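# Topology and contacts: notes
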Amino acid sequence: MKKAFITGINGQDGSYLAEHLLNLGYDVHGTIRRNSVPENQSYRLGKVESNIHTYYADLLDQTSIEKLLMQIKPDEVYNLAAQSHVRISFDIPQFTVQTNAIGVINLIDACRRIVPDVKFYQASSSEMFGLSVESDAFQRESTIMNPTSPYGCAKVFGYNIVRHYRRAYNMHACNGILFNHESPRRGSNFVTNKVVKEACRIKLGLEDRLELGNMDSYRDWGHSKDYVKAMHLIVNHSEAEDFIVSTMETHSVREMCDVVFKYLGLDYRDYVHQNPIFLRPEELPYLRGDSSKARKLLNWKPEYTFEQLMYEMCDHWMDVFQGKESLR
Ligand code: NAP
Ligand code: G4F
């Protein structure tokens, strides 16, 4: 039985990856951080809690990480832990850089010393591309990185240190460069889940307005369930390499609002207002990933369409607000 070690197992991706790896027959271990409300830490793990092993650890607490690597001796490490909110990275830049950059070197260097043959996956991000777009309007593996946030800058460091450890120490270390991916388990302060949740509340008469920031930025939005499958394929590819994971489609925040409100029988223009507090000091205006390499070499492609993703999120929150909550 292969052993997987997932940092940030109680996050959106960590919880879906744990379910996917259990289905593939893995022994799944993962880290959570101490939180003053313990219920908040495990709600996404409801389907699998009794079948996985969780431990308190923090990427910034080197001893906690080393102790677990020595104890578990994993075959595969998935580094999903991060301060993952781009706008909040402007408010807490030092913590973001500590976790998303220094945290990666803490973990990969501990792996080099304790489990040098481990297969290592780093959760890299399309936010690293920032302002760079190729002439055909895509970002791909060869696109120059030009980040526009403390989050993006820190992720570029993590990406590069993983490539460096691959070359310098011959480690099987890979980057998945994932474009935005969402689900009913997405944090409520990311734009998709914020829009869906508030639109459902408006539909039910519990709210009458929704305040957003920039509605004219474009994102390539996929489903987290599809993307965690790509993580496993990337780390198990014969060569340690870096792969873009994306739908190859892009939609503006405005279009996303239109799809969500229309599905609920509403017109977003009647309810959505701009509030400058949700604007960013620097915006990343456009993302559209070329995932041809992953499609060709890993035989991966997304199963969810953009509309199916948004409808699933709407159905989930309508159920929750009508008292029929279930973990999707
Ligand atoms: P998420 O839901 O925010 O999960 C992040 C996890 O990391 C949480 O469990 C969080 O714990 C944990 N964490 C934060 N700081 C930590 C620290 N110092 N030490 C240990 N754990 C820490 O994010 P996600 O959407 O699942 O994303 C997973 C990874 O993919 C992240 O690295 C993210 O940056 C990256 N990524 C995400 C996307 C996307 O669109 N979702 C796209 C590209 C890349 P707490 O809940 O206790 O804070
Ligand atoms: O949903 P978002 O906060 O996601 P963002 O900034 O693209 O970051 C996500 O995707 C990255 C991959 O590209 C990940 F690496 C990262 O961890 C995270 O998962 O914002 C999407 C867009 C932005 O252009 C933002 O300015 O929506 C715009 N937006 C407009 N109004 C808003 C809002 N975003 C948020 N969070 N809240 C708003 O009210």
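Residues numbered from 1 in each chain as written. Chains lettered and ligands numbered in written order. Predicted model: local features only at pLDDT ≥ 70, side-chain atom pairs only at ≥ 80, totals over all residues. Heavy atoms only, no water.

## Concerning the nonpolar core
We apply this condition: Buried Ala, Val, Leu, Ile, Met, Phe, Trp, Tyr and Cys residues form a nonpolar core when they are joined through side-chain atoms within 4.5 Å. Classification of residues uses two cut-offs on accessible area relative to the type maximum, computed with a 1.4 Å probe and protein chains only: under 20% is buried, over 50% is exposed, and between them is partly exposed. Put simply, DSSP marks the helices as runs of H or I at least four residues long and the strands as runs of E at least two long, and each gets a number from the N terminus on. The contact rule is simple, with two residues in contact once any of their heavy atoms fall within 4.5 Å.
One finds Ile6, Tyr78 and Tyr121 to be the most contacted residues of the largest nonpolar core, which totals 31 residues. When contributions to this core are tallied by element, the ones reaching two or more residues are strand S1 (3–7), helix H1 (12–23), strand S2 (27–32), strand S5 (119–125), strand S6 (172–178), helix H8 (224–235) and strand S11 (242–245). At six residues, the largest contribution of residues to this core is made by H8. Among all residues touching isoleucine 6, those that are not within four sequence positions of it are Gly14, Leu17, Ala18, Leu21, Val28, His29, Gly30, Thr31, Tyr78 and Leu80. Judged by nonpolar contacts, the second largest core, of 27 residues, contains Val196, Leu266, Leu309 and Val320.

## Comments concerning the domain arrangement of the chain
Selection criterion: Domain start and stop positions are those given by an automatic or database domain assignment. Values labelled buried area give the accessible surface lost by two parts on being combined, using a 1.4 Å probe and summing over both. Whenever a carboxyl oxygen of Asp or Glu lies within 4 Å of a side-chain nitrogen of Lys or Arg, that contact is scored as a salt bridge. Residues adjacent in sequence count toward polar contacts only when both atoms are side-chain atoms; beyond that, a polar contact is any pair of N or O atoms within 3.5 Å, and within protein one must be able to donate a hydrogen and the other to accept it.
Along its sequence, the chain is organised into domain 1 (3–181 + 221–245) and domain 2 (186–219 + 250–286 + 306–321). Here domain 1 packs against domain 2, burying approximately 2000 Å² in sum over the two surfaces, 58% of which is carbon and sulfur. For the domain 1 face of the interface with domain 2, the top three residues by lost area are His85, Arg87 and Trp221, together amounting to 37%. Applying the counting criterion to the domain 1 and domain 2 interface returns zero salt bridges. Counting across the domain 1 and domain 2 interface gives four residue pairs in polar contact (both at pLDDT 80 or more). Contributions of two or more residues to the side of domain 1 that touches domain 2 are made by helix H4 (86–91) and strand S10 (222–223).

## What to know about the packing of aromatic side chains
Our working rule: Only the six-membered ring of Trp is used, alongside the rings of Phe and Tyr, when aromatic pairs are assigned; centres must lie within 6.5 Å, and planes under 30 degrees apart are stacked while those over 60 apart are edge-to-face, with the rest tilted. Two limits define a charge over a ring: the Lys NZ or Arg CZ must be within 6 Å of the ring centre, and within 35 degrees of the ring normal.
The tally for this structure, following the rule as stated, stands at nine aromatic pairs. Note on tyrosine 218 and tyrosine 286: the rings are 6.1 Å apart at their centroids and 45 degrees apart in plane angle, and the pair reads as tilted. Highlighted residues: tyrosine 218 in strand S9 (residues 218–219) and tyrosine 286 in the loop between strand S13 (272–274) and helix H10 (292–297), separated in sequence by 68 residues. Of the residues examined, tyrosine 286 reaches a relative accessible area of 21% and is grouped as partly exposed. Over the aromatic face of tyrosine 16 sits the side chain of arginine 185, whose NZ or CZ is 3.9 Å from the ring centroid.

## Re the site of ligand 1
What counts is decided by this rule: Whether a residue is near a molecule or strand is decided by its heavy atoms; if any one of them lies within 4 Å of it, the residue is near. In these tables, accessible area is a Shrake-Rupley quantity obtained with a 1.4 Å probe, and a residue counts as shielded only by the protein chains included in the view.
Near ligand 1 there are 24 residues, and of these Asn10, Asp13, Arg33, Ser84 and Tyr151 occur at the shortest range. Contacts to ligand 1 include glutamine 12, whose backbone N or O atom sits 3.0 Å from an oxygen atom. A distance of 3.2 Å separates an oxygen atom of ligand 1 from a polar side-chain atom of arginine 186. For ligand 1, whose accessible area on its own is 900 Å², the fraction buried by protein is 88%. Those elements that provide at least two residues to the shell around ligand 1 are H1, helix H5 (93–114), S5 and helix H6 (150–169).

## Comments concerning the packing of H1 against H8
Two numbers describe a pair of packed helices, the interaxial angle and the distance between the axes. For the record, the criterion: Working convention: axes come from line fits to C-alpha atoms, limited for helices to the stretch in contact. Angles between N-to-C directions cover 0 to 180 degrees. Helix crossings are classified by the rotation of the near helix relative to the far one: an anticlockwise turn of less than a right angle makes the crossing left-handed, while a clockwise turn makes it right-handed. Polar here means any residue outside two lists: the nonpolar Ala, Val, Leu, Ile, Met, Phe, Trp, Tyr, Cys and Pro, and the charged Asp, Glu, Lys and Arg; Gly therefore counts as polar.
Two elements in contact, H1 and H8, have axes whose closest approach is 9 Å; the angle formed by their N-to-C orientations is 65 degrees. Once H1 is placed against H8, the crossing between them reads as right-handed. On the side of H1, the interface is formed by Gln12, Asp13, Tyr16, Leu17, His20 and Leu21, while H8 contributes Ser224, Lys225, Val228, Lys229, Met231 and His232. Residue classes in the contact of H1 with H8 are distributed as five nonpolar, four polar and three charged.

## As for the environment of leucine 60
Within the secondary structure, leucine 60 sits in the loop between strand S3 (53–56) and helix H3 (62–72). Sequence separation between leucine 60 and aspartate 226 is 166 residues; the distance between their C-alpha atoms is 29 Å.

## Remarks on the pairing of S1
Where we set the bar: At least two bridges found by DSSP between two strands is the condition for calling them paired.
Along S1, four of the five residues are buried, which leaves the element largely enclosed by surrounding structure. One ladder, built from four bridges, connects S1 with S2; its direction is parallel. Along S2, the bridge assignment pairs phenylalanine 5 with histidine 29. Pairing between S1 and strand S4 (residues 76–79): four bridges, direction parallel. Across the sheet, alanine 4 pairs through a bridge with glutamate 76, a residue of S4.

## Some thoughts on the site of ligand 2
Lining the immediate surroundings of ligand 2 are 23 residues, of which Ser125, Ser126, Tyr151, Arg280 and Glu283 lie closest. Contact distances for ligand 2 include 2.7 Å between an oxygen atom and a side-chain N or O atom of asparagine 180. Here arginine 219 contributes a side-chain N or O atom positioned 2.7 Å from an oxygen atom of ligand 2. Coverage of ligand 2 by the protein amounts to 95% of the 710 Å² it exposes when considered alone. For the shell around ligand 2, the per-class residue count stands at eight nonpolar, nine polar and six charged.

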